[in-house]
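Residue-level listing of the chains:
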Amino acid sequence: MHSVPVILTLTVLTVLLTSPAQVTGYRPYPPKTNGSDQIFGSSKKFEGSSNLVRLRYHMGPVLTNNITVHPIWYGTWQKSQKKIIREFINSISAVGSKHPSVSGWWKTVQLYTDQTGSNITGTVRLGEEKNDRFYSHGKSLTRLSIQSVIKSAVGSRYRPLPVNPKSGLYLLLTADDVYVQDFCGQVCGFHYFTFPSIVGFTLPYAWVGNSAKLCPGVCAYPFAVPEYIPGLKPVKSPNGDIGVDGMISVIAHEIAELATNPLVNAWYAGPDPVAPVEIADLCEGIYGTGGGGSYTGQMLNDHRGATYNVNGIRRRYLIQWLWSHVVSYCTGPNALD
């Protein structure tokens, strides 16, 4: 087993339904602060703690239909990088993966229901993909232009992505030379839904960026660490690509929250959508048993010394745990796999 300090904090941006520029967001590293407690984050949640957690259902839809994930590869991507991410998505519904598994982790998501009592689907599959290798909207994207990239993908004259508002999930992945508004400083990924005024449809989507060149110590922790914290050593990434391995946990975070809160009116804590705290936010920095406060929890090491906590179809990954409203604490694949 392996345990390292947690330096992950919750960032939830203001959600205003009238503004496409503001969405729910996530980053796995806090700003520079003083003091050991501040350095390692202000969270005092521990595995099993339900203090001050008021996760409620707000009557909005969840993704009960089989989910199809449509990746949009923005910029230059290596085939090996795409393969790591594709195999993670395919592992969510895989049968027969070694315990603890990605599919076991997803069972926590399946516990959530809509107002009819229907559970979120256990089927998540990889759908049609779109390559935007020529940076159609440039190498610096705003939150508004992200929706324009999705519009280009679904409205393309050549092999457009299918439009599926009920079960489609559109995953915009930006290469390591692309900067997105607030990337590294406030968020490493976020999710929301597209506006008909921009895209023509209301589609749940998420953006996640490759931080390898811009801020690996911020968005690829614990595979990289910030220079301003002396003595903190990174762990070895399970697939040999710090940027992409760091993206996997953010992708998992966003897909889980999209399934349970696709239109920002379903499952979240807080009185209203202005500052929704969702099922992955509640388990910030918890990757294994005993996690919380300043520690990630117990993780696993393979024969190469790489750190992981779940098995996929053919690969291993490190992803954070999720909040279960049934038992009121953070759970991983160990609990339900």
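Residues numbered from 1 in each chain as written. Predicted model: local features only at pLDDT ≥ 70, side-chain atom pairs only at ≥ 80, totals over all residues. Heavy atoms only, no water.

An unreviewed UniProt entry annotates the protein chain as Protein EXORDIUM-like 3 isoform X1 of Camelina sativa. Looking at the protein chain in UniProt, the text filed under Sequence similarities (unreviewed entry) is "Belongs to the EXORDIUM family." (UniProt positions renumbered as here; feature names shortened; annotations may be inferred.)

A. Inspection of the side chain of Asn311 at higher detail. Note on placement: Asn311 falls in strand β14 (residues 310–311). We classify Asn311 as buried; its relative accessible area is 5%. Once residues within four sequence positions are removed from consideration, Asn311 is found in contact with Ser97, Lys98, His99, Pro100, Ser101, Val102 and Arg316. (Helix = DSSP H or I, 4+ residues; strand = E, 2+ residues; numbered from the N terminus. Buried < 20%, exposed > 50% of the residue type's maximum accessible area, 1.4 Å probe, protein only. Contact = heavy atoms within 4.5 Å.)

B. The pairing of strand β3 (residues 67–74), seen in detail. With eight of eight residues buried, β3 is to be regarded as a mostly interior element. Neither face of β3 is left uncovered, since the one carrying Ile67, Val69, Pro71 and Trp73 and the one carrying Thr68, His70, Ile72 and Tyr74 both have all their residues buried. With three bridges connecting them, β3 and strand β4 (residues 124–126) associate as parallel partners. From the neighbouring strand, Thr68 faces β4, where its bridge partner is Arg125. Alignment of β3 against strand β7 (residues 168–174), held across seven bridges, turns out to be parallel. Bridge assignment links Ile72 to a residue of β7, and that residue is Leu172. Of the pairings in the sheet, the one linking β3 to strand β5 (residues 130–132) comprises three bridges and is parallel in character. Note that in β5 the partner of Ile72 across the bridge is Lys130. (Pairing = 2+ DSSP bridges.)

C. Structural detail: helix α6 (residues 242–260). Taking 1.5 Å per residue as the helical rise, α6 with its 19 residues ought to reach 27 Å, and the 28 Å between its terminal C-alpha atoms agrees with that figure. With respect to burial, α6 is a largely interior element, 18 of its 19 residues being buried. If you check the start of α6, you find a side-chain oxygen 3.3 Å away from the backbone N of Gly243, and it comes from Asp241. (Expected span 1.5 Å × (residues − 1). Polar contact = N/O pair within 3.5 Å; in protein donor to acceptor, adjacent residues only side chain to side chain.)

D. Expanded view of the environment of Glu278. Considering the arrangement of structural elements, one finds Glu278 in the loop between β11 (267–269) and β12 (300–301). A residue is classified by how much of its surface remains accessible, and Glu278, at 1% relative accessible area, is buried. Along the sequence, Glu278 and Ala256 sit 22 residues apart, while their C-alpha atoms lie 9.2 Å from each other.

E. How the structure looks around the side chain of Ser101. Tracing the sequence through the fold places Ser101 in the loop between α2 (79–91) and α3 (102–110). Of the polar contacts made by the side chain of Ser101, one reaches the side chain of Ser103; its length is 3.0 Å.

F. Local environment of unusual backbone geometry. Here the bond from His99 into Pro100 is cis, since omega is -5°, no more than 30 degrees from zero. Turning to its location among the elements, Pro100 is positioned in the loop between α2 and α3. Going from Tyr221 to Pro222, the amide bond is cis rather than trans, its omega being 10°. With respect to the helices and strands, Pro222 occurs in the loop between α5 (216–219) and α6. At Ser328, a position not held by glycine, the phi torsion is positive, near 60°. Tracing the backbone through its elements, the reader meets Ser328 in the loop between β16 (322–324) and β17 (329–331).

G. View of the environment of Gln186. The topology assignment puts Gln186 in the loop between β8 (179–180) and β9 (189–193). In this structure Gln186 comes out as partly exposed when scored by relative accessible area, which is 36%. Each C-alpha atom, one on Gln186 and one on Val218, is 9.7 Å from the other, the two residues being 32 residues apart in sequence.

H. Region of interest: the pattern of salt bridges. On inspection of all chains with the given rule, the structure shows eight salt bridges. One salt bridge connects Arg86 with Glu129, and the closest N-O pair in it is separated by 3.0 Å. A residue pair is termed long-range when its members are at least 10 positions apart, and Arg86 in helix α2 and Glu129 in the loop between β4 and β5 qualify at 43 residues. Residue Arg86 is classed as partly exposed on the basis of its relative accessible area, which comes to 29%. We classify Glu129 as partly exposed; its relative accessible area is 26%. A salt bridge links Arg315 to Glu87; the nearest nitrogen and oxygen atoms lie 2.8 Å apart. (Salt bridge = Lys/Arg side-chain N within 4 Å of Asp/Glu carboxyl O.)

I. Local environment of the nonpolar core. Ranked by size, the top nonpolar core spans 85 residues in total, and within it Ile85, Phe88 and Trp106 carry the most contacts. With 10 residues, α6 is the largest single contributor of residues to this core. If we skip the residues at most four places from it in the chain, Trp106 touches Ile67, Ile92, Ile120, Thr121, Gly122, Val124, Ile255, Ala256 and Ala259. (Core = buried A, V, L, I, M, F, W, Y, C linked by side-chain atoms within 4.5 Å.)

J. Representation of the state of the cysteines within the structure. Per the stated rule, a full pass over the model turns up three disulfides. Residue Cys283 pairs covalently with Cys330 via a disulfide, S to S 2.1 Å. What sets the handedness of the Cys283 and Cys330 disulfide is the S-S torsion sign, and at about -105° it is left-handed. Placement of the pair is Cys283 in the loop between β11 and β12 and Cys330 in strand β17, with a sequence separation of 47 residues. Each bonded cysteine in the protein chain gets a number by its place in the sequence, and the pairs come out as 1-3, 2-4, 5-6. (Disulfide = S-S within 2.5 Å.)

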